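Structural overview
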Amino acid sequence: MCTVCGCHDGPTIDGKAQAHGHDHSHSHGHSHSHSHDHSHDHHHYGHGAAGVSVPGLSQTRLIEIETGILSKNDAYATANRRVLTALECFAVNLVSSPGSGKTTLLCKTIEALGTQPLAVIEGDQQTSNDALRIRATGARAVQVNTGKGCHLDGHMVGHAMDDLRLARESLLFIENVGNLVCPAAFDLGEDAKVAILSVTEGEDKPLKYPDMFTAAKLAILNKIDLAPYCDADLHAYEANLKRVNPDITILRVSARTGEGMDAWLAWLRAGLAAKARP
Ligand SMILES: Nc1nc2c(ncn2[C@@H]2O[C@H](COP(=O)(O)OP(=O)(O)O)[C@@H](O)[C@H]2O)c(=O)[nH]1
Ligand SMILES: [Mg+2]
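To keep things clear, this report deals only with the structure shown in the data block. Everything numeric here is computed off the predicted structure, so don't read it as measured data. (Residues numbered from 1 in each chain as written. Chains lettered and ligands numbered in written order. Predicted model: local features only at pLDDT ≥ 70, side-chain atom pairs only at ≥ 80, totals over all residues. Heavy atoms only, no water.)

1. Focus on the coordination of the magnesium ion (ligand 2)
The protein atoms that coordinate the magnesium ion (ligand 2) are Thr 103 (OG1), Asp 130 (OD) and Glu 175 (OE), at distances of 2.1 Å. In primary-sequence terms, the residues that donate to the magnesium ion (ligand 2) follow T-x26-D-x44-E. Linking Thr 103 in helix H2 (residues 102–113) with Asp 130 in helix H3 (residues 129–135), this pair joins segments that are 27 residues apart in sequence. Across this residue pair, the class does not change: Thr 103 and Asp 130 are buried. (Donors = N, O, S within 2.8 Å, 3.2 Å for Na, K, Ca; no water. Helix = DSSP H or I, 4+ residues; strand = E, 2+ residues; numbered from the N terminus. Buried < 20%, exposed > 50% of the residue type's maximum accessible area, 1.4 Å probe, protein only.)

This is the structure:
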């Protein structure tokens, strides 16, 4: 049970409960702020050494819990990474808020990649909608439903990878649960987190959710076809992304019109080539 956001176990893969549960009680950074014109003593969530405040739990205990959860996750992620390296697979973890266009981009990417071997792991709290959308392109996909969970973890992805029986030199796309907070903290064994930020979300989102954009190697600024209709300032999006992560690569894309897709496909192909053993 998550001490902060209430998410807990109960994941299924293609509707089936996972073969064995794992005790997964984690705590991760989560803060809120509120304006008030009165003064009293109270917690400001997100303050303190643990970066979070939970009534009844000390900062030391919170740090112990978080460290335990993340180190367990890291062990699963390391095992996944070993499998991916042995298979010379390039894996990307697509992270974003809900509705930024992850599944649409994936479907267009799969069509554009043609015969390139690939597979997809879909993460959502409920429904198999996205796995069905991916399978409609002819690609293999498994759906992980996280139930109350707010992110995929290394253990779920390991099971899904087993189900997919990945081909050598293939691409693995992992579409994480739509959430700009929690997935940032969880390594899945991927080669890169790719943050999708659509131009309808507001230029300040990298500043509000810096962990996600710091964790990502690549940011896709999606839905640029809509930029003229929502007064989106693409330079401001890019400046804010660079402010939280000066090393981030940014690509302007429209999954709808196909603009920018070539650069994204080139980025994927370069990643795959870099995984090949000499
Ligand atoms: N105009 C426009 N709409 C897009 C684009 N990409 C996705 N969408 C739309 O955004 C909505 C959410 O897309 P979806 O792929 O389900 O987002 P996800 O929740 O991140 O997987 C759908 O209505 C898509 O058709 C884009 O580049 N331009
Ligand atoms: Mg989706």
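What follows continues from the structure just given.
2. Focus on the site of ligand 1
Close to ligand 1 lie 16 residues; Gly 99, Lys 102, Thr 103, Thr 104 and Asp 225 are nearest. Between ligand 1 and Gly 99 there is a distance of 2.8 Å, counted from an oxygen atom to a backbone nitrogen or oxygen. A distance of 2.8 Å is found between an oxygen atom of ligand 1 and a side-chain nitrogen or oxygen belonging to Lys 102. When ligand 1 sits alone it has 590 Å² of accessible area, and the protein chains cover 76% of it. Of all the elements, H2 adds the most residues to the shell around ligand 1, at three residues. Its residues assigned to classes, the shell around ligand 1 shows three nonpolar, seven polar and six charged. (Near = heavy atom within 4 Å. Polar contact = N/O pair within 3.5 Å; in protein donor to acceptor, adjacent residues only side chain to side chain. Areas by Shrake-Rupley, 256 points an atom, 1.4 Å probe, with all protein chains shown as cover. Nonpolar A, V, L, I, M, F, W, Y, C, P; charged D, E, K, R; others polar.)

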